[in-house]
Number of protein chains: 4
Amino acid sequence: MKVSNNQANGIHIAYIGGGSRGWAWGLMSDFALEKSISGKIYLYDIDFDAAKANEIIGNKLFSREEYKDRWQFEAVDSLEKALTGADFVVLSILPGTFDEMEYDVHAPEKYGIYQSVGDTIGPGGLIRALRTVPMYEVIGRAIRDYAPRAWVINYTNPMTICVKTLYEVFPDIKVIGCCHEVFGTEKLLVEAAKKYLGYPDTLRREDIEVSVIGINHFTWLNYASVNGDDLFPAYARLASEYAESGFNPAGEDNWLNSYFECSNRVKFDLFNRFGLIAAAGDRHLAEFVPGDWYMKDPETVKQWKYSLTPVSWRKEFQLRKKKEESRMLVSGEKEFEVKPTGEDGVKIIRALCGLEDLITNVNVRNQGQVSGIPLGCVVETNALIRRDSVSPIYAGQLPPELNGMVNRHANVQNAIVKAAMARDLEMAYRVFINENRMNLSLKDSRELFDTMVEGTRAYLGEYK
Amino acid sequence: MKVSNNQANGIHIAYIGGGSRGWAWGLMSDFALEKSISGKIYLYDIDFDAAKANEIIGNKLFSREEYKDRWQFEAVDSLEKALTGADFVVLSILPGTFDEMEYDVHAPEKYGIYQSVGDTIGPGGLIRALRTVPMYEVIGRAIRDYAPRAWVINYTNPMTICVKTLYEVFPDIKVIGCCHEVFGTEKLLVEAAKKYLGYPDTLRREDIEVSVIGINHFTWLNYASVNGDDLFPAYARLASEYAESGFNPAGEDNWLNSYFECSNRVKFDLFNRFGLIAAAGDRHLAEFVPGDWYMKDPETVKQWKYSLTPVSWRKEFQLRKKKEESRMLVSGEKEFEVKPTGEDGVKIIRALCGLEDLITNVNVRNQGQVSGIPLGCVVETNALIRRDSVSPIYAGQLPPELNGMVNRHANVQNAIVKAAMARDLEMAYRVFINENRMNLSLKDSRELFDTMVEGTRAYLGEYK
Amino acid sequence: MKVSNNQANGIHIAYIGGGSRGWAWGLMSDFALEKSISGKIYLYDIDFDAAKANEIIGNKLFSREEYKDRWQFEAVDSLEKALTGADFVVLSILPGTFDEMEYDVHAPEKYGIYQSVGDTIGPGGLIRALRTVPMYEVIGRAIRDYAPRAWVINYTNPMTICVKTLYEVFPDIKVIGCCHEVFGTEKLLVEAAKKYLGYPDTLRREDIEVSVIGINHFTWLNYASVNGDDLFPAYARLASEYAESGFNPAGEDNWLNSYFECSNRVKFDLFNRFGLIAAAGDRHLAEFVPGDWYMKDPETVKQWKYSLTPVSWRKEFQLRKKKEESRMLVSGEKEFEVKPTGEDGVKIIRALCGLEDLITNVNVRNQGQVSGIPLGCVVETNALIRRDSVSPIYAGQLPPELNGMVNRHANVQNAIVKAAMARDLEMAYRVFINENRMNLSLKDSRELFDTMVEGTRAYLGEYK
Amino acid sequence: MKVSNNQANGIHIAYIGGGSRGWAWGLMSDFALEKSISGKIYLYDIDFDAAKANEIIGNKLFSREEYKDRWQFEAVDSLEKALTGADFVVLSILPGTFDEMEYDVHAPEKYGIYQSVGDTIGPGGLIRALRTVPMYEVIGRAIRDYAPRAWVINYTNPMTICVKTLYEVFPDIKVIGCCHEVFGTEKLLVEAAKKYLGYPDTLRREDIEVSVIGINHFTWLNYASVNGDDLFPAYARLASEYAESGFNPAGEDNWLNSYFECSNRVKFDLFNRFGLIAAAGDRHLAEFVPGDWYMKDPETVKQWKYSLTPVSWRKEFQLRKKKEESRMLVSGEKEFEVKPTGEDGVKIIRALCGLEDLITNVNVRNQGQVSGIPLGCVVETNALIRRDSVSPIYAGQLPPELNGMVNRHANVQNAIVKAAMARDLEMAYRVFINENRMNLSLKDSRELFDTMVEGTRAYLGEYK
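Residues numbered from 1 in each chain as written. Chains lettered and ligands numbered in written order. Predicted model: local features only at pLDDT ≥ 70, side-chain atom pairs only at ≥ 80, totals over all residues.

**Comments concerning the relation of the copies chain B and chain D**
Our working definition: Here the copies were fitted onto each other by least squares, based on C-alpha atoms from residues at pLDDT of at least 70 in both. For the purpose of contact definition, each residue receives a C-beta atom placed from its backbone, and two residues are in contact when these atoms lie within 7 Å.
Expressed as a screw operation, the relation of chain B to chain D combines 0.0 Å of axial shift with a rotation of 180°, fitting to an RMSD of 0.0 Å. What the rotation and shift describe, once combined, is the action of a two-fold rotation axis. When the interface residues of chain B are mapped onto chain D, 100% of them are again interface residues, pointing to one common binding face.

Next up, the structure:
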């Protein structure tokens, strides 16, 4: 990589899980729209054909006149090949398949435990973590061996678990976990600013300044500002006015039409409980609090105006349809459409190259940036990103009633990583039964655990 | 106070809450049985007559030939008089009356929240704390002003809140919170040692060596030993064999006959969940974990073979009957019966005088004796007690899945003290609604809070 | 204060120590050059006439056509008047007079202990602190009572002691300690970048990006970058090439002509010892390390090409000449010359108003931004400054051999504040005798301490 | 090992460095005097003949009628053989020979740096550590592999470095570092108690109760008591009365006759400086403070009435004479004399077997037992020793002016271990030049470092 004249060329990126479609295509799009960086992207996926398809799609895109020669793509068949010489490593894998995820999400329903996402926390998050940790150990060691000085950008969930595992196997790893959930709340703040403070329609989420604090998907803002204005009073008005009805800038009821949308009722209720602005989608947030609040049963979920995303839907839309789209892009039946994703990935790469400073939210180990959560836990806060440097920005401390909850989750997450790294299902079981929303008897807990482990058994070969 | 020849004479004790009956009489009894210490006890109570009655009872006892002249009792009408010159201060008050406690314990039942004790944690514990903290501020400041070098022994609940408040108003206070709940578990360990390791019937709880860790009433043993034997395997056998039936050395069903007894089923279940020995009565322990585990409803409680103690019972037995007994002891209709209580109070005083070393469990601020709980929280561990010195003994760290729970409680307790010291009901409300077992909607939470505050209003005069 | 359209008007500033000349005039100058802010500045000084003179000078300046009406100045005779309603408080006082400072700096010379500045650390710094702390207690309490929500910008030395004292008397104070010493090192980095990396002459210190870590006047850079370039190799070359000769951009020997200049030989030697870039003037740095390294005697000082600033010189140039200049500016004999100071004060005020973000180095309590130094110590690092918000940026940890030294100083500084707040000369003495460069016997130590206390006695009225 | 009836039989001890004579013979003696334990001791030393000699001496001793059959000794030729199945491991090695130590101690004298012991701290301690750490890595890994559940008792210096290294290579190791230096101060307290408080001549050091705090050889007492009496006032009298003359119970001038004795003048001066009781020999203590205080030159040392132990003396008395004595014991020319050593080793083994509780001072990692020193540093405090359990007792915090010094040493010690484990001489050099008493220029520092490394080169084969 060479940086000069506000241009970074010859960047070497290893994209692990390159067969994933959503994230990979989004990144291609954002790269196309940014002229100051160029280089080569090595795609590695356990499904080599998927990586190969992306190679073709990517090279096709960058053979267009307007993007000519800026990026080259090459699918490779080993981590070593992808990583050797890398400046950046992007991690975006699916741990297991949607078949396993079906167990993660739906098996607990029989015992009255519902999950809106099931990939981060709760029984589903835990079992997914058991699959993921061994994969991330392999990845972490490969980075240590082949690209120890590269910056690693993780998008995989469970985010906290993934990042924590990387630190465990390679303590010096330069990793940041990136998540766009905060951006949604920033957009809500834009709406509040327009609605109550008279800001014009041109106001964008990038104009909003926030302080981020918490753990991934249970993230909070304890500061929100635009120009000289504090945004908390405006948000409080929004949370109060729309507490019952919910609020969605794009139309009152679009949460009904999409498993990823929500009416923000959970966010508003949490604001009214804790006085801080929750900064993730309602589907994620609801999984972190007592089950009776927002997810007692499907009826309650409906009242709170968000959705329990069924894995069958993922199979249809995230798998089958995307596969078909990939085929069409490769064959040329469909043309790749370039449009900004709104993600920060490209900005982060630019900043790490030294092209411009960036302040954005990242998941890294707590070195002191959050008071009240033990050092070493993976937390989400703002960081100052500069040439070859990510410095967390001090975020303060959560109010105690919330800090206690977050600490419980943080303890559980550390314990899951420990159990998974020891390949110890009994240790994992002990965490499982004492998790936040596990209100079951020991007998039911054991039964459920065994069922779920069975459902994901193909990926637990190393466990005892 | 003067110490020589293994004798400490002229000890000055201030007994605050001197009108209390159970504890005060117990201490008199233990004093009568210990010849190496003597002195004068000043009794202070907001009910002066009650203190006066104890003065008469105490002086009557120590005018008996066998106890002659060792202790004098005097009821006084101010903290200043009781405290000035004190070597030791004993705190044992009832914050408010059983009328207030009736609201604490029973008001939440309407919303499906049951409480077995209701004086430590949960909605009842929180409201009781709101009454208690202002009283303890007064007491703490009086100790600072009149007896800054005295050792303070607290027996009042909520223990953690009381001790924390004293530190807040007088950081240099030499306080220990003492609780006998651990002793019950030690007795259970005696039974296990006899049953499975062949120890003789002469084995006593004092022979058992334990390491104590946790917070008051949610206290754990992570080490238990007798002579060269580890007691964990024996306890594990007990917990497994009696998981369903429960175990009570004094007879299978005595939990049915007493609101303070239990069958230890909760303790055994917790052992099977966490791998540590819970060291408090089941009634206390059950209040600290998810409500659905052991206290969903009265039926569940019955299955777990312990009791929800109704306050009406306390009014009858702890109030009316004790009052009558006091009258009879004063009038001489009944004679004071001397018998050892099994409490450590007298041993602690002896140790602090320099007469002999003692290792026992105490509640003090965490200075490092427990890893994984923030410094400054009040924790319960063993301490080495010597002349004018209490040194906590390092207790290790709880397993993460349990540590997370304890941290949540510790955060809440700190927040309650903060809210109470600020006399801020809104801050208290915010803690109340986010408490472990508060699975209510904001609307129901508000309603319940208002009801409970109303029920204890007489003691919240300073709150806004 | 009102912020709109990138303009903050009606700002109320309290300038405490308004009689000080250097800093006050500099701020006036910088204000004149910045159009986006305006308001009123209340000047308070124990020497009311000095404040009055500045009122006249300031109002005269802002009556000029080009600066018209932006700022008004008013000398007031009480802290209450200055502070009430303040948005910002600027603290820039001289604790005591140069007569006291003469003892601070020169009394230890009799015992072979030399001091180049004597206002921060060492015997001089300690005695100065004893004078300063009581003054800062008064100021801190006044801010708590009259301007609790104002941002306080401290320039007074000893910086760490001043800021720590403010926290002690008013824990919620919003204070930052600002020091320009880092800027000098940034200029040195500019020289290195031009010399070895081919950067053009237009490169300015503001283009350099650094990470700041340490305590005031013993501050370090563990990161220095410009565009895509790491500046450490270039600085290493400078430190090696000029290790013996010293390096001064403005001419080889200007350290000879000024008591404030240096040849950077100490800085280079420290780089070669620790591998980090020391970021303060050599005169300050040399006071923090073992005496034998750079300050054994005046001869050693000369070899290292910096100066021991005699207080007699301060009396002549910082006092007499400045007083004369003030008289001339008031009378109109001389016209106030507007020129940028290079200080960050105005930028900080703009940032806190919400007009633009700023990253600069500040002294605040360690909340986690520096690992390896206890929380609560006052440390110097970068911070992100935004509307009504200062968030320290995580700076990492010093290498252990340096961290140990810094910890020793930090412990001493905390102890000095404690002793001073207790008005306890014996406690202060205990710190004094065990200070880094105090290699004296107990007898000599006592003699020196008594002499120095005598010399500053006029300001120690409250001490026992 | 089997424990019953207050008897522990079949204990397996691995004695590493069994060729050392002093400690091994002392332990034999203490074993002979204690009937409650028996078993087998495997002796391993890199000098197999030395171990063999001890085997003969030991077995000869335990064939005497009065000690018959309690202990068997066997010299083995590998760590594996010694450790496999061990209940206890005793570590007592000499890292290198006295030839290397000659460089450690005497090379710095050319530069004006004197050392009284030179095995713990300062240039000599550092170089010795460079030799020792690789050896302890081997030992630590062997314990992990062959005796992971054994209790390890370390006597080797540099104590802190040895213990720290063991933790680094095997974090779960159950190690305690034992040092008798504290006992000497306890004896001094006995003298003070007899002299000023009228205690009888029968008072023994075991009757004194202390609280120990600090790091090995720079250890302090912040509590000392006997029965109901505080011993600080008595010690203060001693320190004041004998500040100039020194005090030695065994006769005024015995420090003149022994390189290991002292007059306690340093200890008294330190008490008068810090208000705490230093608890190690003056020779050790003097190495931890500024060089000018007590060790400027041999003349100063003489004034403080202690000695700089020359390594030539060690060669004569600790090596040649002991070797001769060994030969005579083996051959039977001399009979082994059984006498109590006053060490705690046997008591510690008894306690860990569960035979009786013990409170004594140990060196273990800081888990919270000392405030103000980072967690993970090896510190010396009291611990409660029980069956298979060592629990540090909370010791408080050192006064800040002392805590700063100790932190500097602790930082340096951690850095040395890090440098040595990395086999990185440059990193070691950086620590070396910035050590407490290294007041040299970079040029002299380099020269001295190179000389000393050369002198110990035979043991630095793995270093780069």
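Having put the structure on the table, let's press on.
**Notes on helix H6 (residues 159-169) of chain A**
Within an α-helix, residues lying three or four positions from one another point in the same direction, as the helix has 3.6 residues per turn. Put simply, the rule is: Buried, partly exposed and exposed are defined by the number of other C-beta atoms within 10 Å of a residue's own C-beta, namely 20 or more, between the two limits, and 12 or fewer respectively, with C-beta atoms placed from the backbone. The helix count covers DSSP runs of H or I at least four residues long, the strand count covers runs of E at least two residues long, and both are numbered beginning at the N terminus.
Of all 11 residues that make up H6(A), eight are buried, and the element is covered over most of its length. Taken together, the buried positions of H6(A) are Met159(A), Thr160(A), Ile161(A), Cys162(A), Val163(A), Lys164(A), Thr165(A) and Leu166(A).

**Some details on the interface of chain C and chain D**
Put simply, the rule reads: Residues are grouped as follows: nonpolar covers Ala, Val, Leu, Ile, Met, Phe, Trp, Tyr, Cys and Pro; charged covers Asp, Glu, Lys and Arg; every other residue, Gly included, is treated as polar.
With 24 residues of chain C at the interface, the matching set in chain D holds 24 residues. Counting only elements with at least two residues in the side of chain C that touches chain D, the list comes to helix H10 (265-274), helix H12 (291-294), helix H16 (400-421) and helix H17 (425-433) of chain C. Ranked by the residues each element gives to the side of chain C that touches chain D, the list is headed by H16(C), at 11 residues. Counted by class, the side of chain C that touches chain D contains nine nonpolar, nine polar and six charged residues.

**Quick word on the interface of chain B and chain D**
Listed as interface residues are 23 residues of chain B and, on the opposing side, 23 residues of chain D. Breaking the side of chain B that touches chain D down by element, the ones donating at least two residues are strand S1 (2-4), strand S8 (209-215), strand S9 (218-226), strand S14 (378-386) and strand S15 (389-392) of chain B. Here the element with the most residues in the side of chain B that touches chain D is S15(B); it accounts for three residues. Of the residues that constitute the side of chain B that touches chain D, the class distribution is eight nonpolar, 12 polar and three charged.

**Considerations on the domain arrangement of chain A**
All names here are of chain A. We count it as follows: Where each domain starts and ends comes from a domain assignment, either automatic or drawn from a database.
Under the domain assignment, chain A is made up of domain 1 (2-95 + 119-178) and domain 2 (181-303). On a C-alpha basis, the centres of domain 1 and domain 2 stand 30 Å from each other. Facing six residues of domain 1, the contacting portion of domain 2 comprises six residues. Residue composition of the side of domain 1 that touches domain 2, grouped by class: two nonpolar, four polar and no charged.

**Observations concerning unusual backbone geometry**
A cis geometry characterises the amide bond from Asn157(C) onward to Pro158(C), with omega recorded as 5°. You can see Pro158(C) is positioned in the loop between strand S6 (151-154) and helix H6 (159-169). Its identity is not glycine, yet Asn227(A) carries a phi of approximately 50°, on the positive side. Inspection of the secondary structure assignment puts Asn227(A) in the loop between strand S9 (218-226) and strand S10 (229-230). Overall, the presence of 19 C-beta atoms within 10 Å leaves Asn227(A) in the partly exposed class.

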